[in-house]
Amino acid sequence: MQPKGKLRIKDLPLASRPREKMEANGRSNLADAELLAILLGSGSVKQNVLRLSEKLLREIPLKKLGTINASELTKFPGVGKSKASRILAALELGERIYAPSVLNKVIIRSTEEAVEQLTSIAEKKQEHLLALYLNARHELLQKEVIGIGSLNSMLITPKEIYSPALSTPCASLIVAHNHPSGDPNPSDDDIKFTQRIHEAGEVMGIPLLDHLIIAKSSYFSFKENKIGR
């Protein structure tokens, strides 16, 4: 039963409902409380979501909202853990998008973006084994040359590859080596090597995202070809 005096969002004209207003006019035309109402999703027993948003912003101004934690948010009547989590997640996304440091970061989310970081070894006359260490945001933390020579002669162990990851906030990595012959197709040794690194990553909780073989005019991705896992 609807509490006396409580106006539900569905009782408002379509043009006054936050979601419908955003669809019709765009996000930039919504007030702070309307945007917050969309994040909250629903109100409380005593008030609709728009009223709840207005009260929350009077108590916690928008600038301050970006500095408080979940426990502080949940102290506000009508804001539970779920609502607080949605607000904080939206604030974090905004910070990540507009943080000045992002402009200087290399983000690797695709095979092509990883290959761009490996062009320096494409024409090397010796095999070079590299590792790209990424954080949870897929930002490149460091690019490390692990060894020079064929994988057989280098006798690289998972420990040598994962050691640099332990001193950084590394969440995953990509390994790569070049084939001076120009043929990027993997050998049996390449496949066995990839399996060892993949297994080590599973144990350490730092997954191997891909192993790339770089040639002069092409490359091979173990991930894309579903090999070595």
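Residues numbered from 1 in each chain as written. Predicted model: local features only at pLDDT ≥ 70, side-chain atom pairs only at ≥ 80, totals over all residues. Heavy atoms only, no water.

### Observations concerning the confidence of the model for the protein chain
Here the protein chain averages 87 in pLDDT, while 91% of its residues score no lower than 70. Contacts of residues 1-5 to residues separated by more than four positions or lying in other chains number 4 contacts, the stretch itself having pLDDT below 50. (pLDDT = per-residue confidence, 0-100. Contact = heavy atoms within 4.5 Å.)

### Comments concerning the nonpolar core
Within the largest apolar cluster, 18 residues are counted, with the highest numbers of intra-cluster contacts made by L36, L40, L56, I60, L65, L73 and I87. Every element with two or more residues in this core is listed here: α2 (32-40), α3 (49-59) and α6 (81-98). With near-sequence residues (within four places) excluded, L73 lies in contact with L56, I60, L65, I68, V79, A84, I87 and L88. Among the nonpolar cores identified, the runner-up in size contains 16 residues, and I156, L173, I197 and A200 belong to it. (Core = buried A, V, L, I, M, F, W, Y, C linked by side-chain atoms within 4.5 Å. Buried < 20%, exposed > 50% of the residue type's maximum accessible area, 1.4 Å probe, protein only. Helix = DSSP H or I, 4+ residues; strand = E, 2+ residues; numbered from the N terminus.)

### Here we look at the packing of helix α1 (residues 18-25) against α2
Two elements in contact, α1 and α2, have axes separated by 9 Å at closest approach and are oriented at 115°. Relative to α2, α1 is oriented roughly perpendicular. Relative to α2, α1 is oriented so that their crossing is left-handed. Residues P18, R19, K21 and M22 of α1 pack against E34, A37 and I38 of α2. Of the residues assigned to the contact of α1 with α2, the class counts are 4 nonpolar, no polar and 3 charged. (Axes fitted to C-alpha atoms, helices over the stretch in contact; angles between N-to-C directions. Parallel < 35°, antiparallel > 145°, perpendicular 65-115°, else oblique. Left-handed = near helix turned anticlockwise from the far one by under 90°. Nonpolar A, V, L, I, M, F, W, Y, C, P; charged D, E, K, R; others polar.)

### Re α3
All of the buried residues in α3 are V49, L50, L52, S53, L56 and L57. Projected down its long axis, α3 shows its buried positions confined to an angular sector of 160°, all on one face. Seen from the open side of α3, the exposed residues pointing more than 90 degrees away from its buried face are R58 and E59. Where α3 starts, the residue carrying a side-chain oxygen 3.0 Å from the main-chain nitrogen of L50 turns out to be N48. (Arc of directions from axis to C-beta. Polar contact = N/O pair within 3.5 Å; in protein donor to acceptor, adjacent residues only side chain to side chain.)

### Points about the pairing of strand β1 (residues 128-134)
Along β1, 7 of the 7 residues are buried, which leaves the element largely enclosed by surrounding structure. Neither face of β1 is exposed, since H128, L130, L132 and L134 on one face and L129, A131 and Y133 on the opposite face are all buried. Bridge analysis of β1 against strand β2 (residues 140-148) gives 7 bridges, and the strand direction is antiparallel. Bridging across to β2, Y133 finds its partner in Q142. Between the antiparallel neighbours β1 and β2 lie 5 residues, among them H138 with a positive phi of about 65°. With 6 bridges connecting them, β1 and strand β3 (residues 172-178) associate as antiparallel partners. (Pairing = 2+ DSSP bridges.)

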